[in-house]
Amino acid sequence: MIQGLNREAWRFSGIAILLMLGTGWPKSVATAAEPGAYVRDARLSEGKRVAGWTGLFNLGASFNLSINDSVIGKLEGSNTTAGFNIETGGELNREESEWRNRMTFDETFSQTPIIRKLVKSNDVVVIDSIYLHHIPDREWIGPFVRLNLDTALFQGFEVRAAPRTYAVAKRDGDIEAIYSDHLKMTDAFSPTRTKQSFGAFVDPLKDERWDLQVRGGLGFREVFATGSLAILDEALTPEVEVKELASYFQTGPEAGISMRGKFTDKHVTYRLDAEILLPFYSRGAFREGMSALDLMYRELSLRISFKLFEWASLDYQFKIQKEPLLLDVTQLQSNVLVTFNYSLL
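Keep in mind the model is a prediction, meaning the values are calculated, not measured.

When helices and strands are counted, the chain shows 1 helix and 17 strands. The burial tally for the chain puts 42% of its 345 residues in the buried class. In the chain, 61% of the contacts between residues at least 6 apart in sequence involve partners at least 24 apart. Of the roughly 18300 Å² of accessible surface on the chain, a fraction of 61% belongs to carbon and sulfur atoms.

Moving on: the nonpolar core. In this structure, Val223, Ala225, Ala230, Leu245, Tyr248, Leu277, Met290, Leu295, Tyr297, Leu325, Leu326 and Leu327 together form the largest nonpolar core, which totals 12 residues. Apart from residues lying up to four places away in sequence, leucine 245 is in contact with Arg171, Ala225, Thr226, Gly227, Ser228, Leu229, Ala230, Leu326 and Leu327. Judged by nonpolar contacts, the second largest core, of 7 residues, contains Tyr166, Met185, Leu229 and Val242.

We now examine the side chain of serine 228. By the secondary structure assignment, serine 228 is in the loop between strand 9 (211-224) and strand 10 (229-231). The contacts of serine 228, once residues within four sequence positions are left out, are Met185, Thr186, Ser190, Pro191, Lys243, Glu244 and Leu245.

Right, let's talk about the packing of aromatic side chains for a bit. Throughout the structure, instances matching the rule amount to 6 aromatic pairs. Between phenylalanine 109 and phenylalanine 154, the ring centres sit 5.6 Å apart and the planes meet at 70 degrees, which makes this aromatic pair edge-to-face. Here phenylalanine 109, found in strand 3 (residues 97-111), pairs with phenylalanine 154, found in the loop between strand 5 (141-151) and strand 6 (156-169); they are 45 residues apart in sequence, far enough to count as distant. Relative accessible area serves as the criterion here: at 36%, phenylalanine 154 is assigned to the partly exposed category. With 6.0 Å between their ring centres and 5 degrees between their planes, tryptophan 311 and phenylalanine 340 make a pair best called stacked. With a gap of 29 residues between them, tryptophan 311 in the loop between strand 15 (297-309) and strand 16 (312-323) and phenylalanine 340 in strand 17 (residues 327-343) connect regions that are remote in the sequence. We classify phenylalanine 340 as partly exposed; its relative accessible area is 41%. Pairwise contacts between aromatic rings join Trp210, Phe263 and Tyr270 into one cluster. The ring of tyrosine 297 is capped by arginine 221, whose NZ or CZ atom sits 3.6 Å from the centre of that ring.

The full count for this structure, using the stated rule, is 21 salt bridges. Here aspartate 273 and arginine 271 are joined by a salt bridge, their closest N and O atoms 3.0 Å apart. Assessed through its relative accessible area of 25%, arginine 271 is described here as partly exposed. Within the structure, one salt-bridge network assembled from shared partners comprises Glu91, Asp203, Lys206, Asp211 and Arg260.

Moving on, we come to the pairing of strand 2 (residues 77-94). If a strand is regular, its side chains alternate between the two faces of the sheet. Bridge count between strand 1 (residues 52-68) and strand 2: 17 bridges; the pairing is antiparallel. Of the residues in strand 2, the one forming a bridge with serine 62 is glycine 83. Two strands pair when backbone bridges link them, and strand 2 and strand 3 are joined in this way by 15 bridges, in the antiparallel orientation. Directly across from glycine 89, in strand 3, lies its bridge partner arginine 102. Linking strand 2 to strand 3, which pair antiparallel, is a turn of 2 residues; within it glutamate 95 sits at a positive phi near 55 degrees.

Attention shifts here to the sheet that holds strand 6. What the 4 strands build is an open sheet, ordered 7-6-11-10; its pairing is mixed. Each edge of the open sheet carries a strand with a single partner, namely strand 7 (175-186) and strand 10. When the angles between neighbouring strand axes are averaged without regard to direction, this sheet yields 45 degrees. Relative to strand 11 (residues 240-244), strand 10 runs antiparallel, the two sharing 3 bridges. Bridged to isoleucine 231 within strand 11 is valine 242.

Let us look at the environment of tryptophan 210. With respect to the helices, strands and loops of the structure, tryptophan 210 is situated in the loop between strand 8 (192-206) and strand 9. With relative accessibility at 40%, the residue tryptophan 210 sits in the partly exposed group. Distance in space between the C-alpha atoms of tryptophan 210 and methionine 259 is 6.8 Å, their sequence separation being 49 residues. Setting aside chain neighbours within four positions, we find tryptophan 210 in contact with Leu205, Met259, Arg260, Phe263 and Tyr270.

What counts as what
- Residues numbered from 1 in each chain as written.
- Predicted model: local features only at pLDDT ≥ 70, side-chain atom pairs only at ≥ 80, totals over all residues.
- Heavy atoms only, no water.
- Helix = DSSP H or I, 4+ residues; strand = E, 2+ residues; numbered from the N terminus.
- Buried < 20%, exposed > 50% of the residue type's maximum accessible area, 1.4 Å probe, protein only.
- Contact = heavy atoms within 4.5 Å.
- Areas by Shrake-Rupley, 256 points an atom, 1.4 Å probe, with all protein chains shown as cover.
- Core = buried A, V, L, I, M, F, W, Y, C linked by side-chain atoms within 4.5 Å.
- Phe/Tyr/Trp six-rings, centres within 6.5 Å; stacked < 30°, edge-to-face > 60°.
- Lys NZ or Arg CZ within 6 Å of the ring centre and 35° of its normal.
- Salt bridge = Lys/Arg side-chain N within 4 Å of Asp/Glu carboxyl O.
- Pairing = 2+ DSSP bridges.
- Axes fitted to C-alpha atoms, helices over the stretch in contact; angles between N-to-C directions.

In short, the description is geometric, and any link to function would need to be established separately.
Here you go:
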């Protein structure tokens, strides 16, 4: 049954992409920008959609280096943090059709006097595509189809200043003891999360400061994580407890909101996303006695950017999620960094 559901989900996704390409391409439109031209931020102009393409391609980099030599109260050596981010996307509007696409890369690595190995502290790749069909004379409501992929580019490691004993709980119930100063946690492109959903949307607010969208429908989620590990350390034990993860699939009613906007003459921008999925079918590391509410997926993410100069910004990123079939703890990530930006579009 699950294989059938997966095939239907991917088949539906493929048909949706073809529909997007077929209905979204601007063949002959009356435009505020010429067809095929890129117009930055055009869609938010006066809260109205602008026909044609709206393009975005930003490159960013961050770097920090501090060196201490015989400084009282400071560790000897150097601290290095370096990272880069890429944000690209395109938005196409044609009559009742709207197609939004976004892809982001966020990578950060660090090195300290205690841990001399270069370790990644942030590694996120997100691809998101959503097609919305606005009902004539009721542009604030209509059906939608959405595809999303979330993964990591590089392998992940747990690194310690001195060797420790890792107690790895395998999925078959065995415990493997590993004595080392590091432990490989994930492969490249693992875990990979995919989402497909369709339903109806409502745009109750749409202007430059407050662009709010509410969605509801049926969602499919699949996470590929077999072989990945997660730290579940108990402070009272000498070992470092580790759990082996498993892939899973869920489907059920889904609800989500997206809000974005700009303030103070576009010097402050933000994006807020939240979604939940209440599964009526799940496959994976299922535990007896767990209800649909216990298995509900929840996610909230926020990104705020303060423009310091035309070429630099202070960025804050926050994400919290709960996916009980993968790891029954709340996952939280927060980053603050100064980014040097260069916009190609």
